[in-house]
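Per-entry structural report
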Amino acid sequence: MNSIKKSVVIVMSTYNGGRYLDEQLRSLEGQMGVELFVFVRDDGSTDDTHEILNTWSKKGNLSWYAGTNLRSAKSFIDALCKAPAADYYAFCDQDDVWMPDKLARAIDALEKQTGEYKVYISPSTLTDSNLNVIGEMPLNYKFTIGEAIVTNPATGCTMLFNANLKKLIEKCPPQVITMHDEWLYKLCLFMNGTIYADNESRIYYRQHGNNVVGAREPFFKALVRRSKTLFVGGRDRSATLCELRRLYRDIIPCENVLALDKVYEYSRSFWGRFGLLRVKGLSAPKRSSMCNFYIAVLLGKF
């Protein structure tokens, strides 16, 4: 591990998180070997979240502000853009628990990586509401452009990223966004940045009925959700990639812009759908994900 402490701003969005928030903040306070500051945006809580944040802010290493309800993705992006300067940034959910060396391990990994843009991600340990371990959420991905078009392997609460990525988002914050972690992960990849995937979990990812976004989903519920995406909603995934193209086309490497152009053309014509399916390197860990992608593209619901 590095002997010189690096500064990290933990970016958190809260929403009626009073039940688990204090426990999460205690796990952040216990992080070893880092200079830590917690920056919180509250997304319209009506429980005791504000009281908990006020109590913690008196300790001096946490500040927070309240905003209107933007929902998770835009709330996190708003907080990130307003966060103070630091060497690194990390997204943090309101209801998990971090192992004491989570940030130090991530920083040590990224310090050894080269490049202008760097992201660390890791597996997560799934627990029930009482922190009893119920499984693992592995990272069986290739971390390529083709795969990033099809799917998103990044779980925000595991991520650490450098200040250059924060500045890039601050300069051009997205207006069309599905998830904040997906946005940052894909932006880094399309900028030819470095994705470092750890093979060990350093976080207890709590699964409960009040999760804004959870890792586990019953099979039937997942089937219904995917059916709605294909036959009722749609185009959220392509909209995110088109927004990347709109904001960063002038600085994204040319070969990666060509892939984004295929996504843009997909939404403009029927024949454009076949062009998207011919992008090199399209992949996903599960066959069901690839099947979902092909059907969504052909139906114009990607």
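Here the structure is shown first, and the text comes after it.
Definitions and cut-offs
Per chain, residue numbering runs from 1 following the sequence as it is written. Reporting in this predicted model follows two pLDDT cut-offs: at least 70 for local features of residues, and 80 or more for side-chain atom pairs to be given and counted; totals over whole chains, interfaces and linings ignore these cut-offs and use all residues. Derived side-chain values reflect all non-hydrogen atoms in the structure, with water molecules and hydrogen atoms excluded from consideration. At least two bridges found by DSSP between two strands are what make those strands a pair. Secondary structure elements are defined from DSSP: runs of H or I of at least 4 residues count as helices, runs of E of at least 2 residues count as strands, and each element is numbered from the N terminus. Each residue gets one of three labels from its accessible area relative to the maximum for its type: buried under 20%, exposed over 50%, partly exposed in between, using a 1.4 Å probe on protein chains only.

1. Section: the sheet that holds strand E11 (residues 203-206)
Taken together, the four strands give an open sheet; going across it, the order is E5-E11-E7-E8, and neighbouring strands pair in mixed fashion. The open sheet terminates on both sides in strands that have one partner only, identified here as strand E5 (97-98) and strand E8 (133-137). Of the strand pairs in this sheet, strand E7 (residues 124-127) and E11 are connected by three bridges, and their pairing is parallel. Residue pairing for E11: threonine 127 is matched across the bridge by arginine 206.

2. Side note on unusual backbone geometry
For arginine 71, which is not a glycine, the phi torsion comes out positive at approximately 75 degrees. Positionally, arginine 71 belongs in the loop between strand E3 (62-66) and helix H3 (72-82). Its relative accessible area of 65% is what places arginine 71 among the exposed residues. For phenylalanine 143, which is not glycine, the phi dihedral falls at a positive 60 degrees. Considering the arrangement of structural elements, one finds phenylalanine 143 in the loop between E8 and helix H5 (145-150). For phenylalanine 143, a relative accessible area of 18% translates into the label buried.

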